[in-house]
Amino acid sequence: MRKIYILILILGLGILLFINFSDLFEDSNLANNKYQLSQHYIENGVKDTGAINLVTAILFDYRGFDTLGEATVIFIVVSAISLLATKERVFVSDTNFSQIVYQNISFIIPFLYILAFYLIAYGHLSPGGGFAGGVVIATTFILLKITFGIRYVKEEEALGKKSLLESLGAISFVLTGLLGILLGYNFLANGQTSLYLGIAGQLVSAGIIPILNLATGIKVGSGLAIIFHRLVREE
Amino acid sequence: MESIYLVVIILFCLGLYTTLTNTNLIKIIIGINIMDSSLVLLLVVLGYKPEGTAPIIDQQYSIIVDPIPQALALTAIVIGASITALMLLLTIKLHRNYNTLDISEIRRLKG
């Protein structure tokens with residue numbers, strides 16, 4: 001009986017949403033995608049920031065402060081998980097895989113690191129950036145842990161290093177932002193300062209964006225690795 | 001275009017239905033994740049232009065996809081992943097304390 005009520009409620013919600021979206025179709029701005037802000041970013045983005053990847057330009061320049069908050073969310077989640085998870089030592093994966101798995105994982109991990117650092121370093125030129133690269137870094141830790149088991153990684157040491165790296169990423173993000181204030185402009189100022197922006201499209205360009213990408217990548221990678229570590233330890 | 005909005009609505013309602021009707025904690029988390037994914041899909045569709053290229057300006061393109069919803073979708077993905085991790089940790093703790101994942105069997109959650 002309860003399910004039927006919920007079904008009726010949700011059907012009503014769906015119809016309301018559909019009416020709402022049909023009103024959106026009437027909006028000619030949406031149909032033609034002629035929003036002034038988007039047009040401004042598309043026309044002036046490369047000149048303002050020096051990054052040819054406009055998504056990165058928005059994330060780390062126009063909305064850099066927003067991204068700092070986003071990184072803080074991960075930091076808070078890592079802190080909460082580290083606080084809540086108990087310190088008990090439980091070996092989760094004691095399964096032995098075949099030799100093929102061990103060999104393949106050992107073979108693939110250096111290439112995963114290359115992919116991750118490519119994504120981070122070329123974040124202002126091609127799809128990718130700090131968040132995607134950080135997730136790939138975390139994937140290497142997770143793969144190692146799943147295949148070789150927890151015993152192969154010296155746990156406490158690795159955790160300390162990872163949390164150090166995470167704090168380092170956060171601090172370097174904030175310090176890079178403070179550079180803008182030191183130069184007499186806003187927090188996280190990039191294009192308007194007298195910093196050398198470089199030629200758009202080259203690897204060394206876009207001012208502080210690559211540095212912020214690197215900081216975010218390190219932070220996200222170590223943060224997600226810590227989250228996984230805590231979750232598998234808790235059984 | 002309009003059919004994609006329909007897919008978004010169906011996915012969102014499906015996730016909400018899963019969240020409200022199931023009593024298994026893992027299934028509730030899956031439902032919340034489905035809702036989250038439908039919102040990301042909505043953001044991507046909002047910025048879409050027919051025959052537009054990706055917002056990477058290495059040449060002079062005439063039609064470029066709107067980059068703002070993509071940047072916001074990244075935010076949504078990060079927050080969603082963080083919330084999922086936190087929910088999973090709490091689920092693990094509940095399972096350890098009560099030995100069940102069924103919220104109707106966990107007495108103190110009945111209210």
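In short, a report on the structure. On a predicted model such as this, the values are computed, not experimentally measured, just so you know. (Residues numbered from 1 in each chain as written. Chains lettered and ligands numbered in written order. Predicted model: local features only at pLDDT ≥ 70, side-chain atom pairs only at ≥ 80, totals over all residues. Heavy atoms only, no water.)

Let us look at helix α5 (residues 64–84) of chain A. Under the 1.5 Å per step criterion, the end-to-end length of α5(A) is 30 Å for 21 residues, consistent within 8% with the ideal 30 Å. Those residues of α5(A) not exposed but buried are A:Gly64, A:Thr67, A:Leu68, A:Glu70, A:Ala71, A:Ile74, A:Val77, A:Val78, A:Ile81 and A:Ser82. (Helix = DSSP H or I, 4+ residues; strand = E, 2+ residues; numbered from the N terminus. Expected span 1.5 Å × (residues − 1). Buried < 20%, exposed > 50% of the residue type's maximum accessible area, 1.4 Å probe, protein only.)

In this section: the nonpolar core. General note: in soluble globular proteins, nonpolar side chains tend to be found buried as a group. A:Ala51, A:Ile58, A:Phe60, A:Phe173, A:Ile209, A:Leu212 and B:Ala71 are the most contacted members of the largest nonpolar core, which totals 17 residues. Contributions of two or more residues to this core are made by α4 (54–62) and α9 (209–233) of chain A together with α3 (67–98) of chain B. When residues of this core are assigned to their parent elements, the largest contribution, five residues, is made by α4(A). Among the nonpolar cores identified, the runner-up in size contains 14 residues, and A:Val77, A:Val78, A:Val220 and B:Leu89 belong to it. (Core = buried A, V, L, I, M, F, W, Y, C linked by side-chain atoms within 4.5 Å.)

As a further point, take the packing of helix α2 (residues 25–46) of chain B against α3(B). Residue and element names in this part refer to chain B. The contact between α2 and α3 brings their axes to 10 Å, and the two run at 175°. One finds that α2 runs roughly antiparallel with respect to α3. For the pair formed by α2 and α3, the contact residues are Leu-25, Ile-26, Ile-29, Ile-32, Asn-33, Asp-36, Val-40 and Leu-43 on the first element and Pro-69, Leu-72, Ala-73, Ala-76, Ile-77, Gly-80, Thr-84, Met-87, Leu-88, Thr-91 and Leu-94 on the second. (Axes fitted to C-alpha atoms, helices over the stretch in contact; angles between N-to-C directions. Parallel < 35°, antiparallel > 145°, perpendicular 65-115°, else oblique. Contact = heavy atoms within 4.5 Å.)

To continue, consider empty space enclosed by the protein. In this structure the tally under the stated criterion is one cavity of 30 Å³ or more. The calculated volume of the largest cavity comes to roughly 40 Å³. In terms of lining, the largest cavity is formed by A:Ile58, A:Leu59, A:Arg63, A:Asp66, A:Thr67, A:Glu70, B:Ala71, B:Leu72 and B:Thr75. For the lining of the largest cavity, the secondary-structure elements that each account for two or more residues are α4 and α5 of chain A together with α3 of chain B. For the lining of the largest cavity, the residue count by class is four nonpolar, two polar and three charged. (1 Å grid on protein atoms, 1.4 Å probe; cavity = no way out; pocket = protein on both sides within 12 Å on 5 of 7 lines; lining within 4 Å. Points joined across faces, edges and corners; volume = space filled by probe spheres on them. Nonpolar A, V, L, I, M, F, W, Y, C, P; charged D, E, K, R; others polar.)

What follows concerns the packing of α5(A) against α3(B). The N-to-C vectors of α5(A) and α3(B) enclose an angle of 10°; their axes lie 10 Å apart at closest approach. As summarised for this structure, α5(A) and α3(B) are arranged roughly parallel, according to the angle between their axes. Of the residues in α3(B), those in contact with A:Glu70, A:Val73, A:Ile74, A:Val77, A:Ala80, A:Ile81 and A:Leu84 of α5(A) are B:Leu74, B:Thr75, B:Val78, B:Ile79, B:Ser82, B:Ala85, B:Leu86, B:Leu89, B:Leu90 and B:Lys93. Per-class residue counts for the contact of α5(A) with α3(B) are 13 nonpolar, two polar and two charged.

A word on the packing of aromatic side chains. Residues and elements named next belong to chain A. Counting across every chain of the model gives three aromatic pairs over all chains. Both rings, one in Phe-107 and one in Phe-111, keep their centres 5.4 Å apart while their planes meet at 55°; by these two values the pair is tilted. With Phe-107 and Phe-111 both in helix α6 (residues 99–121), this residue pair falls four residues apart, about one helical turn. For Phe-111, a relative accessible area of 49% translates into the label partly exposed. (Phe/Tyr/Trp six-rings, centres within 6.5 Å; stacked < 30°, edge-to-face > 60°.)

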